[in-house]
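# Notes for the structure review
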Amino acid sequence: MGGSLNINHLLFLGHGALWTIGLSVIALVGGGLAGFLVALGRVSPSRTLRLLAATYVQLIQGTPLLVIMFLSFFGLAAIGFNISPLAAAGASMTIFVAAYLGEIWRGCIEAVPRPQWEAAEGLALSRSQRMVKVILPQAIRIATPPTVGFMVQIVKNTSLASVVGFVELTRSGQIINNSMFEPFLIYSIIAVVYFSLCYPLSRLSRRLERTALQKKPALA
Amino acid sequence: MNVSTAQSASPSPAATAPVVAMRGVHKSFGPLKVLDGVSFEVARGEVTVLIGRSGSGKSTALRCIDRFETIDGGEIEVCGRRVDDDKLDLRALRLDVGIVFQSYNLFPHLTIEENITLAPHAVKRVPKDEARALAAKVLKQVGLEDKLHAYPEQLSGGQQQRAAIARSLAMQPKVMLFDEVTSALDPELTGEVLKVIEALAADGMTMVMVTHEMGFARGIADQVVFMHKGKVHEAGPADILSSPSTPELAQFVGTGL
């Protein structure tokens, strides 16, 4: 590419931005599914499950995402498992997001007033029926604003996948900069793209939070 | 499985046995003794009213009947089932016992109809259309037939409480528990809820209720149980409210309640 900034550079950055979005979606879906299980584990009546889920959350929240990336790419390769940058980045993000979303959602499940459980119990609903038909629908309403808010963290954290050679937005910027040596210009463009991905999400999160507050049912 | 919408006559051989019997029940929350050897019985078709000061243990006693609290000693028998048994079939107990709470606890994400049809459909496998017919019937009973498709937040407190009673009724319980169901309501709304309960009593529903409405208790109770410091201090027909034999009950009814 070389020379001054041209359309090819921008197309390359655009391609990188698409992978940033792609990796974010993988992280949200994978981490969301795993995080849901973590949240259920955290509120499970089984002590073992609660302990397992809590340990997982503590372990991942106490480890930098960068280290998880290194472990799943270089670490696994060193012991004979060669995985692609996409697989390593996707797995790392999933593991990371699951711990955080799991904890956010546990809070949302516990935020459903205790008497709702009792009312459901009094009607002879089984534990899983209480969870699925009474608690989760209310918890999902509570969970929507913080979950959308956390998506901002997901988008920004995908930039760490650049260290395992996954060509997302940050990595594509590094590659262009290596040929152009215009770090201020290139990284400014990248910052603007990240901002334009994240800003609508945080706006949406704030709006959801406001409407959730207005619609809060009057529970005595 | 009984899926009919009619009130099922109990085939129990012990038709004369009490529906609820507490015998020497003890219960502590940590160092605090809430129930200190509580005993009383509730006969079929009768209304038992639990009264007493806040903290006297009456609500805890009521919650023990539906095993929302486990007990430390004594026996509780409900519809021929030992509630204090570890192997108790909780589902069966709660099919027999309906409970209505002070804070209504309707499910805010469901319409009134869905609130009512949820348990009959999910627990008793009543087909959807039959469950809806049942909902219409119990709502009519509490005077809310026009609120079928409303959400709880659109109803007044009194209407929400009546809907909660209807939801409980739809499970066709053998005994109903009312835990201070009018304490969150103003006098006018209290009246409309009490009227519904009176109609249930007239229909022969077995009921145990905790209430602070002394006038209402006097009118409806077949048995009044006055609790004081975790014990049954005085019990008897509604007359004991007019002529109490212990100074504590005299003071309690004399305080203008």
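Residues numbered from 1 in each chain as written. Chains lettered and ligands numbered in written order. Predicted model: local features only at pLDDT ≥ 70, side-chain atom pairs only at ≥ 80, totals over all residues. Heavy atoms only, no water.

Quick look at the overall build of chain A now. A count of helices and strands for chain A gives 8 helices and 0 strands. Along the chain direction, N to C, the helices and strands of chain A fall in the order α-α-α-α-α-α-α-α. Counting only C-alpha atoms and orienting by the principal axes, one finds that chain A spans roughly 75 × 45 × 20 Å. Per-residue burial for chain A yields a buried fraction of 40% across its 220 residues. Looking at chain A alone, contacts between residues at least 24 apart form 74% of all its contacts between residues at least 6 apart. For chain A, the computed accessible surface area is about 11,400 Å², with 69% contributed by carbon and sulfur atoms. Averaging the coordinates of the 17 positive side-chain charges in chain A and doing the same for the 7 negative ones gives two points 6 Å apart. (Helix = DSSP H or I, 4+ residues; strand = E, 2+ residues; numbered from the N terminus. Buried < 20%, exposed > 50% of the residue type's maximum accessible area, 1.4 Å probe, protein only. Contact = heavy atoms within 4.5 Å. Areas by Shrake-Rupley, 256 points an atom, 1.4 Å probe, with all protein chains shown as cover. Lys, Arg positive; Asp, Glu negative; His and termini not counted. Charge placed at Lys NZ, Arg CZ, Asp CG, Glu CD.)

Before going further, it helps to spend a moment on the overall build of chain B. Counting its secondary structure elements, chain B contains 8 helices and 10 strands. In terms of overall dimensions, chain B is globule-like: its C-alpha atoms have a radius of gyration of 18 Å, near the 18 Å expected for 257 residues. Along the first, second and third principal axes, the C-alpha set of chain B runs to 55 × 45 × 35 Å. Residue pairs at least 24 apart in sequence account for 65% of intrachain contacts in chain B once pairs closer than 6 positions are excluded. Carbon together with sulfur atoms contributes 50% to the accessible area of chain B, which is approximately 10,800 Å² in total. Charged side chains in chain B number 27 positive and 32 negative. The centres of these two groups are separated by 4 Å. (Rg over C-alpha atoms; globule rule 2.2 N^0.38 Å.)

A separate point is the pattern of salt bridges. Residue and element names in this part refer to chain B. A full pass over the atoms with the stated rule returns 15 salt bridges over all chains. A salt bridge links D66 to R94; the shortest N-O distance between them is 3.9 Å. With a gap of 28 residues between them, D66 in the loop between helix 1 (58–65) and strand 4 (73–78) and R94 in helix 2 (residues 90–96) connect regions that are remote in the sequence. Each of the two residues, D66 as well as R94, counts as buried. Ionic pairing is found between R81 and D96, a salt bridge with its closest N-O pair at 2.6 Å. Within this pair, whereas R81 is found in strand 5 (residues 81–82), its partner D96 is found in helix 2, the two being separated by 15 residues in sequence. The class for R81 is partly exposed, based on a relative accessible area of 25%. Residue class for D96 comes out buried when judged on its relative accessible area of 8%. In this structure, a network of salt bridges that share partners links the residues R23, E75, E77, R82 and D84. (Salt bridge = Lys/Arg side-chain N within 4 Å of Asp/Glu carboxyl O.)

Taking 1.5 Å as the rise per residue, helix 3 (residues 112–124) of chain B with 13 residues should run 18 Å; its terminal C-alpha atoms sit 19 Å apart, in good agreement. Of all the bends found along helix 3 of chain B, the most pronounced is centred on B:L118 and spans about 30°, while B:P120, a proline, follows it within four residues. In terms of burial, helix 3 of chain B is a largely internal element, 11 of the 13 residues being buried. All of the buried residues along helix 3 of chain B are B:I112, B:E113, B:N115, B:I116, B:T117, B:L118, B:A119, B:P120, B:A122, B:V123 and B:K124. Residues of helix 3 of chain B that are buried sit in contact with helix 6 (127–157) of chain A together with helix 2, helix 4 (128–141) and helix 5 (157–169) of chain B. (Expected span 1.5 Å × (residues − 1). Bend = angle between axes of the 7 residues up to and from the residue.)

As a further point, take unusual backbone geometry. All names here are of chain B. Residue Y104 is not a glycine yet carries a positive backbone phi of 60°. Within the secondary structure, Y104 is located in the loop between strand 6 (97–100) and helix 3. When its relative accessible area of 9% is taken as the criterion, Y104 is described as buried. Positive phi outside glycine occurs at R125, with the angle close to 60°. If you trace the backbone, R125 turns up in the loop between helix 3 and helix 4.

Take the confidence of the model for chain A next. Counting all residues, the mean pLDDT for chain A is 92, and 95% of those residues have values of 70 or more. At the low end of the mean pLDDT range in chain A sits helix 8 (residues 183–214) of chain A, at 91; at the high end sits helix 2 (residues 47–61) of chain A, at 97. (pLDDT = per-residue confidence, 0-100.)

Aromatic ring pairs are defined here through the distance separating the ring centres and the angle between the ring planes. Residue and element names in this part refer to chain A. For the structure shown, the criterion picks out 8 aromatic pairs over all chains. Residues W19 and F166 carry aromatic rings whose centres are separated by 5.5 Å and whose planes lie at 80° to one another, so their mutual orientation is edge-to-face. Here F166 lies in the loop between helix 6 and helix 7 (169–180) and W19 lies in helix 1 (residues 7–42), a separation of 147 residues in the sequence. Pairing Y100 with F150 gives two aromatic rings, centres 5.9 Å apart and planes at 20°, and the pair type is stacked. Taken together, the residues Y100 in helix 4 (residues 85–111) and F150 in helix 6 connect sequence positions 50 residues apart. (Phe/Tyr/Trp six-rings, centres within 6.5 Å; stacked < 30°, edge-to-face > 60°.)

Our next topic: a nonpolar patch on the surface. On the surface, a cluster of nonpolar side chains totalling about 480 Å² of accessible area is made up of A:L66, A:V67, A:F70, A:L71, A:F74 and A:V163. Tracing the backbone shows A:L71 in helix 3 (residues 65–78). (Patch = residues over 30% accessible without salt bridge, like charges linked within 9 Å, V, L, I, M, F, W, Y side chains within 5 Å.)

A contiguous patch of positive charge on the surface is contributed by A:K133, B:R91, B:R125, B:K128 and B:R132. One can find A:K133 in helix 6. Of the residues examined, A:K133 reaches a relative accessible area of 34% and is grouped as partly exposed.

This paragraph deals with the interface of chain B and chain A. Each partner contributes to the interface: chain B provides 24 residues, whereas chain A provides 19 residues. Counting each side, the surface lost to burial between chain B and chain A is near 1,900 Å², with a carbon and sulfur contribution of 64%. When the buried surface of chain B facing chain A is broken down by residue, B:F107, B:P108 and B:H109 rank first, second and third, together holding 28% of it. Among the salt bridges present, the one from A:E118 reaches B:R63, with a minimum N-O distance of 2.7 Å. The leading source of residues in the side of chain B that touches chain A is helix 3 of chain B, at 4 residues. (Buried area = accessible area lost by both parts, 1.4 Å probe.)

Turning to the packing of helix 3 of chain B against helix 4 of chain B, a few remarks are in order. Residue and element names in this part refer to chain B. Packing of helix 3 against helix 4 brings their axes to within 9 Å, and their N-to-C directions diverge by 125°. It follows from the interaxial angle that helix 3 and helix 4 lie oblique. Note on packing geometry: the crossing formed by helix 3 with helix 4 is right-handed. Packed against helix 3, whose contacting residues are I112, E113, I116, T117, P120 and H121, the element helix 4 presents K128, A131, R132, L134, A135, V138 and L139 at the interface. (Axes fitted to C-alpha atoms, helices over the stretch in contact; angles between N-to-C directions. Parallel < 35°, antiparallel > 145°, perpendicular 65-115°, else oblique. Left-handed = near helix turned anticlockwise from the far one by under 90°.)

Let's shift gears to the sheet that holds strand 2 (residues 32–42) of chain B. Note: strands within a sheet are paired through backbone hydrogen bonds, in either parallel or antiparallel orientation. Residue and element names in this part refer to chain B. Reading across from one edge, 2-1-4-5 is the order of the 4 strands in this open sheet, with antiparallel pairing throughout. Two strands in the sheet have a free side with no partner beyond their single neighbour: strand 2 and strand 5. Along the sheet, helix 1 contacts strand 1 (20–29), strand 2 and strand 4; its crossing angle with strand 1, the most-contacted strand, is approximately 120°. (Pairing = 2+ DSSP bridges.)

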